[in-house]
Amino acid sequence: MELLCIRQWISGLLPTWLSAWCIKPVGGALVRQEPEYILLALMGSPLKKIMLCSSEKEIFSVEEQVMVQHSVIINNMIEDGSYNHEESKIPLDCVDSKTLKKVIDYCTHHTHHHNDNQEDLEAWDAQFLNVDSNGLYDLLMAANYLEIRNLLDLIYGTIKNMIKGKKIDEIRRIFNIKDHGFTPEEEEQNRKEYPHFY
Amino acid sequence: MKKAAYSFPEEVLEHVFSFIVSDKDRSSISLVCKSWYEIERWCRRKVFVGNCYAVSPPILIKRFPELRSVTLKGKPHFADFNLVPEGWGGFACPWIRAMAGAYPWLEEIRLKRMVVSDESLEIIAKSFRNFKVLVLSSCEGFTTEGLAAIAANCRNLRELDLRESEVEDLSGRWLSDFPDSYTSLESLNISCLGNEVNLLALERLVSRCPNLKTLRLNRAVPLDRLPNLLRGAPQLAELGTGAYTSEMRPDVFSNLAEAFAGCKQLKTLSGFWDVLPSYLPAVYPICSQLISLNLSYATVQSPDLIKLVSRCEKLQKLWVLDYIEDDGLEVLAASCKDLRELRVFPSDPFGLEPNVALTEQGLVSVSEGCPKLQSVLYFCRQMSNAALNTIARNRPNLTRFRLCIIEPRSPDYLTLQPLDDGFGAIVEHCKDLRRLSLSGLLTDRVFGYIGTYGKKLEMLSVAFAGDSDLGLHHVLSGCDNLRKLEIRDCPFGDKALLANAAKLETMRSLWMSSCSVSFGACKVLGQKMPRLNVEVMDESGPPDSRPESSPVEKLYVYRTVAGPRLDMPGFVWTMDDNSALRIS
């Protein structure tokens, strides 16, 4: 609908007492809050976007609902009002653009596809985490910082699977462990006693 | 933000490690790199020590400062067949004393084939405030006084399991030492106790513990007290009855049947000493929900066993006496399609003639009819290569196969040939076989097959088999995953042992008794391999009082980081690396 039509339609719908509340103090002056924003806020509009800023100063616009559902940190910021939609962007100095984009992908997909069947979601997750261990590390740090529980659990599970049941030489390769830190004698003895682990 | 090589922070790794609990995986983690070794050892909560002499209490405590659960095994497996003399070792006390000081928050202790004193039990009772689980499997050396200390002091005890231990039963009073306020019992196994326990105390204990899931009574609990106990614990999942006999009275029977029917969660039954067959139908109401049935004490005949077993369509595990006979096993094969494990024990192992109609055919039927069968222990008096071949082809998913043909060196009864090809078929087709016990007439050829095909084999038991060292050599050089090898009365000697000395460091232990290993070879082995304890056992006197070439009575070799043990009895000598005979 045209913005004008929405405005008229909403003004018609709003009870008088709420219309009176379309007033918000900003910088000492009373400013009339646009009614459609209030109603949209009341409805939890999926269209409302927020801005996230990567460490490389790149801005990503993402649906508020998506990030609020997944990130405890962002949810708290929105709830306590420290994020102003018109002006603010959330600076994420520890997350680079590549990682931030992936995090947003994850949250977006899981919000929009939460009704998908379990198998499909798991397949998507597996594909999503098909990154090298550096990438996994960056995602883990970002998920931890933003407190995205399900992404964290997913990554922990993946790291677990990189270890469980694998031979030691393979684990070292996957985790890029070049210097194992054992003395040559220790390493030799270990290989002698546990040959089938290597 | 590119890193040349990154590493996950310690907290991350610790968190990930907390999801990885199997001993094998934890060992793996600690071998990846030094920093993982450090992180892992601080967050290890559970440890399994397969041989208590492979490590010492101080070494364990130093490496793992925060344990909550410890499992220790003592004597070698052949102790079960009385091949390990009294006083050999496996003393739990030094461990328990050390852990009492180091692990105030220890929750679980599981011991197998160890000597446990009342003093040790008292230390456990007083030292660990949050103690929850005590399992003493095939242990000995303690009395009911020690149990009384546990009962009186362990407020948070959940599990007390004395399976197959030898307990000096001084009095059944100890059960009353559980305070009235104590309600956290979940599992109680007193099946090995000889005397009567205080039945009133037992009933009260059972009825006030709402989480009691496992209750295994001893023989002395009379059948007519069972209904009351069951009514006090309708949530029971596992029950071991006491003596299953009584004067045949209809009210006792109906009382019992009703009580059983009331246990809707009961899935496992055992006990059944002195069974009166006419009481067996009392369990019929719950047969359809049973997954595990241990009738190894039930001396009832095949028709009664058939009637019982045919009703247990969900059965996964059956332990039974050979009274079941081939007919009964055929019915089992037809009725219990979910069967995973079968053990058939001999009712009269020392008799010269068969007393029951149980032959290789019974096992063949089960192998045909039960697609999920993985684990077999079978005592019988005759076997053929053809039958073994059939079993192998029917059940390539077998993981444990222990065959005990009662008479040593029995050939294939049809062809009079050795059973090499039959067992060869087993190892060839059952690619995931982890445990194998051989019997019957066997030459070196069977060991050739085992070395070639037994790549996943972890434990091998051999008796009265083979022709020469070549047999032993095949096994030691071929079985990549071998952990435990136990041999008795085989003509295996020095050559194979010394040629494969390095292999022994990759295994938990090797037992050889009444073989052809010379004292000289034992000394050489001890010298060559400082990380092995080479223990010679000889009850007829010090081995160096005889020529170097004379065979030792018993040899037990195991890897260790603790050096020679210091608690050996007079008939055990360690071959030290300075080739002096070391006695404790």
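Here the structure is a predicted model, which is why all the values come from computation and not from measurement. (Residues numbered from 1 in each chain as written. Chains lettered and ligands numbered in written order. Predicted model: local features only at pLDDT ≥ 70, side-chain atom pairs only at ≥ 80, totals over all residues. Heavy atoms only, no water.)

**Looking at the overall build of chain B**
Argument step 1. Assigned secondary structure in chain B consists of 21 helices and 24 strands.
Argument step 2. Against the 2.2 N^0.38 benchmark of 25 Å for 584 residues, chain B shows a C-alpha radius of gyration of 26 Å, consistent with a compact globule.
Argument step 3. By its C-alpha atoms, chain B is 70 × 65 × 65 Å across when sized along the principal axes.
Argument step 4. In chain B, buried positions account for 57% of the 584 residues.
Argument step 5. Sequence-distant contacts in chain B: of pairs separated by 6 or more residues, those separated by 24 or more amount to 69%.
Argument step 6. Of the roughly 23000 Å² of accessible surface on chain B, 51% is carried by carbon and sulfur atoms.
Argument step 7. Side chains of chain B give 69 positive and 71 negative charges; the mean places of these two sets differ by 8 Å. (Helix = DSSP H or I, 4+ residues; strand = E, 2+ residues; numbered from the N terminus. Rg over C-alpha atoms; globule rule 2.2 N^0.38 Å. Buried < 20%, exposed > 50% of the residue type's maximum accessible area, 1.4 Å probe, protein only. Contact = heavy atoms within 4.5 Å. Areas by Shrake-Rupley, 256 points an atom, 1.4 Å probe, with all protein chains shown as cover. Lys, Arg positive; Asp, Glu negative; His and termini not counted. Charge placed at Lys NZ, Arg CZ, Asp CG, Glu CD.)

**Focus on the UniProt feature "domain: F-box" (unreviewed entry) in chain B**
Argument step 1. This chain's UniProt record puts "domain: F-box" (unreviewed entry) on residues 8-49 of chain B.
Argument step 2. Helix makes up 67% of residues 8-49 of chain B and strand makes up 10%, while its end C-alpha atoms are separated by 30 Å. (UniProt positions renumbered as here; feature names shortened; annotations may be inferred.)

**So, the domain arrangement of chain B**
Frequently, the measure chosen for interface size is the accessible area removed from exposure when the parts meet.
Argument step 1. By the assigned domains, chain B splits into domain 1 (1-44) and domain 2 (493-583).
Argument step 2. Distance between the C-alpha centres of domain 1 of chain B and domain 2 of chain B: 38 Å. (Domains from an automatic or database assignment.)

**Notes on the packing of aromatic side chains**
Argument step 1. Inspection of the entire model under this criterion finds 26 aromatic pairs over all chains.
Argument step 2. Ring geometry for Phe17(B) versus Trp36(B): centroids 5.5 Å apart, planes at 65°, classification edge-to-face. Residue Phe17(B) is found in helix 1 (residues 10-17), and its partner Trp36(B) is found in helix 3 (residues 34-43); the two are separated by 19 residues along the sequence.
Argument step 3. Owing to a relative accessible area of 0%, Phe17(B) belongs among the buried residues under this scheme.
Argument step 4. Cluster of aromatic residues (ring-pair linked, three or more members): Tyr53(B), Phe78(B), Phe81(B), Trp88(B), Trp511(B), Tyr556(B) and Tyr558(B).
Argument step 5. The ring centre of Phe128(A) lies 4.5 Å from the NZ or CZ of Lys102(A), which sits over that ring.
Argument step 6. Over the aromatic face of Trp88(B) sits the side chain of Arg565(B), whose NZ or CZ is 4.4 Å from the ring centroid. (Phe/Tyr/Trp six-rings, centres within 6.5 Å; stacked < 30°, edge-to-face > 60°. Lys NZ or Arg CZ within 6 Å of the ring centre and 35° of its normal.)

**Some points on empty space enclosed by the protein**
All names here are of chain B.
Argument step 1. Scanning the model with the defined rule gives three cavities of 30 Å³ or more in all.
Argument step 2. In this structure, the largest cavity occupies an estimated 50 Å³ of space.
Argument step 3. Lining the largest cavity are Asp-322, Pro-354, Asn-355, Val-356, Leu-358, Phe-379, Cys-380 and Arg-381.
Argument step 4. Here the lining of the largest cavity is built from residues that sort into five nonpolar, one polar and two charged. (1 Å grid on protein atoms, 1.4 Å probe; cavity = no way out; pocket = protein on both sides within 12 Å on 5 of 7 lines; lining within 4 Å. Points joined across faces, edges and corners; volume = space filled by probe spheres on them. Nonpolar A, V, L, I, M, F, W, Y, C, P; charged D, E, K, R; others polar.)

**Section: the environment of Ser176(B)**
Residues and elements named next belong to chain B.
Argument step 1. Counting through the fold element by element, Ser-176 comes out in the loop between strand 7 (166-168) and strand 8 (187-189).
Argument step 2. Along the primary structure Ser-176 and Ala-201 are separated by 25 residues, whereas in three dimensions their C-alpha atoms are 5.4 Å apart.
Argument step 3. Ignoring any residue separated from it by four or fewer positions in sequence, one finds Ser-176 in contact with Asn-198 and Ala-201.

**What to know about the sheet that holds strand 3 (residues 49-53) of chain A**
The strands making up a sheet associate through hydrogen bonds between their backbones, and the pairing can be parallel or antiparallel.
Residue and element names in this part refer to chain A.
Argument step 1. Pairing within the open sheet is mixed, and its three strands lie in the order 4-3-5. Each edge of the open sheet is held by one strand with a lone partner, namely strand 4 (59-63) and strand 5 (90-91).
Argument step 2. Pairing of strand 3 with strand 4, which is carried by five bridges, proceeds in the antiparallel orientation. Looking at strand 4, one finds that Ile-50 is bridged to Val-62.
Argument step 3. Running over the sheet, helix 6 (residues 97-112) touches strand 3 and strand 4 and is turned about 10° from strand 4. (Pairing = 2+ DSSP bridges. Axes fitted to C-alpha atoms, helices over the stretch in contact; angles between N-to-C directions.)

**Re the interface of chain B and chain A**
Argument step 1. Listed per partner, the contact involves 33 residues of chain B and 36 residues of chain A.
Argument step 2. Buried surface at the junction of chain B and chain A, summed over both partners, amounts to about 3200 Å²; 63% is from carbon and sulfur atoms.
Argument step 3. A salt bridge links Arg531(B) to Glu193(A); the shortest N-O distance between them is 2.7 Å.
Argument step 4. Counting across the chain B and chain A interface gives nine residue pairs in polar contact (both at pLDDT 80 or more). (Buried area = accessible area lost by both parts, 1.4 Å probe. Salt bridge = Lys/Arg side-chain N within 4 Å of Asp/Glu carboxyl O. Polar contact = N/O pair within 3.5 Å; in protein donor to acceptor, adjacent residues only side chain to side chain.)

**Regarding a negative patch on the surface**
Residues and elements named next belong to chain A.
Argument step 1. Together, Asp-116, Glu-119, Asp-120 and Glu-122 make up a region of like negative charge exposed at the surface.
Argument step 2. Mapped onto the secondary structure, Glu-122 falls in helix 7 (residues 118-128).
Argument step 3. By relative accessible area, which is 46% here, Glu-122 ends up partly exposed. (Patch = residues over 30% accessible without salt bridge, like charges linked within 9 Å, V, L, I, M, F, W, Y side chains within 5 Å.)

**What about the pairing of strand 3 (residues 108-112) of chain B?**
Residues and elements named next belong to chain B.
Argument step 1. Bridge analysis of strand 2 (residues 69-73) against strand 3 gives five bridges, and the strand direction is parallel. From the neighbouring strand, Ser-69 faces strand 3, where its bridge partner is Glu-108.
Argument step 2. Each parallel crossover has a hand, and for strand 3 linked through helix 6 (residues 118-127) to strand 4 (residues 133-137) it is right-handed. (Right-handed = clockwise from strand over helix to strand, strands pointing away.)

**Considering the pattern of salt bridges**
Argument step 1. Evaluated as defined, the whole model comprises 38 salt bridges over all chains.
Argument step 2. A salt bridge links Glu186(A) to Lys34(B), with the nearest nitrogen and oxygen atoms 3.6 Å apart. You can see Glu186(A) sitting in helix 11 (residues 184-193) and its partner Lys34(B) sitting in helix 3, one on each of two chains.
Argument step 3. In this structure, Arg191(A) and Glu187(A) form a salt bridge, with 3.1 Å as the shortest nitrogen-oxygen distance. You can see Arg191(A) and its partner Glu187(A) sitting in helix 11, four residues apart, about one turn around the helix.
Argument step 4. For Arg191(A), a relative accessible area of 33% gives the class partly exposed.
Argument step 5. The exposure class assigned to Glu187(A) is buried, which follows from its relative accessible area of 8%.

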